[in-house]
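A look at the structure
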Amino acid sequence: MKNIAFIHAGMSFESYLGSYLYDEVYRGIREACRERGVVCRSYDRRSNIARLREQFDGYIGIIPSHSEMYRAWKRIGRKYPAVNIMMASKDAHANLVATDDRAILTMLLDHLRAQGHTHIGYAGIARESYSYERFNAYRDYLRARGMPMAQAWVKGFSLRTGRAAGTHFDRPYSVRPLIGVDKRLSTLFASIVGSDRPSAMIFETDYLALSFITFAQNSGIRVPEDIAVAGIDDNRGLFPRYRNDMLTTAAQDFFAIGNAAASLLSDLIDTNVTPGQTVLIPPSLVVRRSTARRNMTAGKDDAAFRQAVLSQLEALYRERKPGRRISRSLGLNHKYFLSKFAALFGVSFVDFLAEIRLDRAAEKLRETSEQIVAIAFSVGFTSHQHFGRAFKRRFHCSPAVYRQKRNMSKSSEPRMAKW
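Residues numbered from 1 in each chain as written. Predicted model: local features only at pLDDT ≥ 70, side-chain atom pairs only at ≥ 80, totals over all residues. Heavy atoms only, no water.

**Here's the deal with the overall build of the protein**
To keep it simple, the criterion reads: Secondary structure elements are taken from DSSP: a helix is a run of H or I of four residues or more, a strand is a run of E of two residues or more, and numbering for both begins at the N terminus. Buried, partly exposed and exposed residues are distinguished by accessible area as a fraction of the type maximum, computed with a 1.4 Å probe on protein chains only: under 20%, between the cut-offs, and over 50%, respectively. The contact definition used throughout considers only heavy atoms, calling two residues in contact when any of these lie within 4.5 Å. Note that accessible areas follow from Shrake-Rupley with a 1.4 Å probe, and for residues the cover is restricted to the protein chains shown.
Helix and strand counts for the protein come out as 15 helices and 12 strands. Within the protein, the fraction of its 419 residues that count as buried is 55%. At a minimum sequence separation of 6, the contacts of the protein that also span at least 24 residues come to 71%. Summing over all exposed atoms, the protein offers an accessible surface of approximately 19,100 Å²; the carbon and sulfur share of this is 48%.

**A short note on the nonpolar core**
To keep it simple, the criterion reads: To define a nonpolar core, start from buried Ala, Val, Leu, Ile, Met, Phe, Trp, Tyr and Cys residues and group those joined through side-chain atoms within 4.5 Å.
If you look at the biggest cluster of nonpolar residues, it comprises 36 residues, and the most contacted ones within it are Val25, Ile29, Ile60, Ile85, Val97 and Val279. The dominant element in this core, judged by the number of residues it contributes, is helix H8 (residues 254–271), at 10 residues. Among the nonpolar cores identified, the runner-up in size contains 30 residues, and Leu313, Phe337, Phe345 and Ile375 belong to it.

**Details of the sheet that holds strand S4 (residues 82–85)**
Counted only if it meets this: Strands are treated as partners if at least two bridges between them are detected by DSSP. Here an angle of 0 to 180 degrees is reported between the N-to-C directions of two axes, which are lines fitted to C-alpha atoms, with helices fitted over the stretch in contact.
With parallel pairing, the 6 strands of this open sheet are ordered in space as S2-S1-S3-S4-S5-S11. A strand with exactly one partner marks an edge of an open sheet, and here the two such strands are strand S2 (38–43) and strand S11 (278–281). If you compare each strand with its neighbour and ignore which way they point, the axes differ by 20° on average. Here 3 bridges tie strand S3 (residues 58–62) to S4, and the two strands are oriented parallel to one another. Each residue of the ladder has a partner; that of glycine 61, found in S4, is asparagine 84.

**Looking at the packing of aromatic side chains**
In plain terms, the rule: Aromatic pairs are defined between Phe, Tyr and Trp rings, using the six-membered ring for Trp, whenever the two ring centres lie within 6.5 Å; interplanar angles under 30 degrees are classed as stacked, those over 60 as edge-to-face, and all others as tilted. The criterion is that NZ of a Lys, or CZ of an Arg, lies within 6 Å of the ring centre and within 35 degrees of the ring normal, and then a charge sits over that ring.
Counted by the stated rule, this structure contains 25 aromatic pairs. A ring pair is formed by phenylalanine 203 and phenylalanine 212, whose centres lie 5.0 Å apart and whose planes are at 35°; its orientation type is tilted. The exposure class assigned to phenylalanine 203 is buried, which follows from its relative accessible area of 0%. Through a chain of ring-to-ring contacts, the aromatic side chains of Phe305, Phe337, Phe341, Phe345, Phe349 and Phe352 assemble into a single cluster. If you follow arginine 127 out to its NZ or CZ, it ends over the ring of phenylalanine 157, 5.6 Å from the centre. Over the ring of tyrosine 141 we find arginine 145, and its NZ or CZ is 3.6 Å from the ring centre.

**What to know about the state of the cysteines**
Just so we agree on the cut-off: We call a pair of cysteine sulfur atoms a disulfide whenever their separation is within 2.5 Å.
Applying the stated criterion across every chain yields a total of 0 disulfides. Of all cysteine sulfurs, the one in cysteine 33 lies closest to cysteine 40, which takes part in no disulfide; the gap is 4.8 Å.

**A look at the environment of tyrosine 43**
Relative to the assigned elements, tyrosine 43 resides in strand S2. For tyrosine 43, a relative accessible area of 13% gives the class buried.

**A look at unusual backbone geometry**
Here the amide bond leading from valine 223 into proline 224 is cis, since omega sits at 10°, within 30 degrees of zero. Residue placement: proline 224 occurs in the loop between helix H7 (206–218) and strand S9 (228–233). One non-glycine residue, methionine 86, lies in positive phi territory at about 70°. Within the secondary structure layout, methionine 86 lies in the loop between S4 and strand S5 (95–99). Look at methionine 86 and you get buried, because its relative accessible area is 14%.

**Let's talk about the pattern of salt bridges**
What counts here: What makes a salt bridge here is a side-chain nitrogen of Lys or Arg within 4 Å of a carboxyl oxygen of Asp or Glu, nothing more.
This model, assessed by the stated rule, comprises 18 salt bridges. Note that arginine 34 is salt-bridged to glutamate 35, the shortest N-O span being 3.4 Å. Under the relative-accessibility criterion, arginine 34 is labelled exposed at 56%. For glutamate 35, a relative accessible area of 33% gives the class partly exposed. Close ionic contact of glutamate 319 with arginine 325 constitutes a salt bridge, the shortest N to O distance being 2.5 Å. Of the two residues, glutamate 319 and arginine 325, both sit in the buried class. Connected through shared salt-bridge partners, Glu31, Arg34, Glu35 and Arg389 make up one network.

**Overview of the sheet that holds S9**
Strand-to-strand pairing in sheets goes through backbone hydrogen bonds, with the strands running parallel or antiparallel. One open sheet accounts for 6 strands, arranged S7-S6-S8-S9-S10-S12; its pairing is mixed. Looking at which strands have only one partner, the edges of the open sheet turn out to be strand S7 (154–155) and strand S12 (284–286). Both strand S6 (residues 120–123) and S7 contribute to a ladder of 2 bridges, which runs parallel. Counted as the bridge partner of tyrosine 122 is valine 154 from S7. Relative to the sheet, helix H3 (residues 101–114) contacts S6, strand S8 (200–203), S9, strand S10 (248–251) and S12, its axis offset from that of S9 by approximately 160°.

**Observations regarding the confidence of the model for the protein**
Short version of the rule: Every residue is assigned a pLDDT by the predictor, reflecting its confidence on a scale from 0 to 100.
Here the protein shows a mean pLDDT of 83. Residues at 70 or above account for 86%. Across the protein, element-level confidence peaks in S8 with a mean pLDDT of 97 and bottoms out in helix H5 (residues 176–179) with 43. With pLDDT under 50 throughout, residues 240–244 is counted as low confidence; its partners more than four residues away or in other chains account for 6 contacts. Predicted confidence for residues 409–419 stays below pLDDT 50, and this span has 18 contacts to residues more than four positions away or in other chains.

**Focus on helix H4 (residues 129–144)**
Counting along an α-helix, one turn takes 3.6 residues, and residues three or four places apart therefore face a common direction. What counts here: The span you would expect from a helix comes to 1.5 Å times its residue count less one.
The terminal C-alpha atoms of H4 lie 22 Å apart, and with 16 residues this matches the ideal 22 Å at 1.5 Å per residue to within 8%. Along H4, the residues classified as buried are Tyr130, Ser131, Arg134, Phe135, Ala137, Tyr138, Arg139, Tyr141 and Leu142. At its buried positions, H4 is contacted by H3, S6, S7 and S9. Looking at the residues trailing H4, positive phi occurs at glycine 146, about 65°.

In structure tokens:
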């Protein structure tokens, strides 16, 4: 039986009891371990992880680069199977499971543009890998589309160099500013709402976005009328006062992240998979009242409905609940959308979505050398185990066996779903 360690170097256990983020990550790890017969023990920032070496077959870590454990963690990763969660190590051979941060910024910016916003700012305060990835995705998006950019709209980074600049917080998940925004954040937010403010702001985390909303409300600035606000995380348990009725955000699937990390680590231990693997979990857009909303309609005829759904599914099938996003975009009640879909397509939306995901997975198995666990999450499955069972029902063999047979003639391959 394999034994692994899960290490969170950023917090003590007591500080995140009840946190949606860490509860979901750990639940995903436990589920994968249960399916694979793996024993997992947990450690927090008070642990001396240097003493843990050689006690376990592998390690999963949430290790901020500023933590005291970071150097010891890098040494562990160079000698033993190890997987980083959400925060990448600087070593090229390190393994990582995280949310697709570029997809996060793309969906948020697409949403804000659809609401008519062209002057969009960005604020980040951490110095972790995800922070740089998010900012660079924001800058690349605006440049590719010729959208206006101004340093006054960007906090924490330099538009010119792409490097960190200005306000820096080592612990961005403190909840104290939600009670009374502290002086450093007040200064940061005051610089955003000046005379040359953007019409919309994306904040690196929900923590920052909700703190800004508190500041704006106390300053007589209306959200979203005066400035639209979006965050990243959907860490619901951390901010119960604002749950579901305030902040537009990009939700990270923390359960899938934990599940994929444990699955990948088990594969690394069992098969000596080449290190340097990265598994990116698709995010999903959660639209709430902190951004202006405009309803879109597909038209009254069935052909227009069908075409609108198919075109959106092409872009959204990786998301956890694409049906809800599509029904909102069409201005339809979700239950009505599902019944209309079933009537027109002759199959339920859930089954149709599963067919698309499995077809995309089969395509990747035939044409790429990606790890199977990475493929599972990249096409929208939230559990490696669920993917394996669904794939076998559809193709009558496991993903690994299917890959071995990828050179079979096209005539012998299962028929692809028709769109």
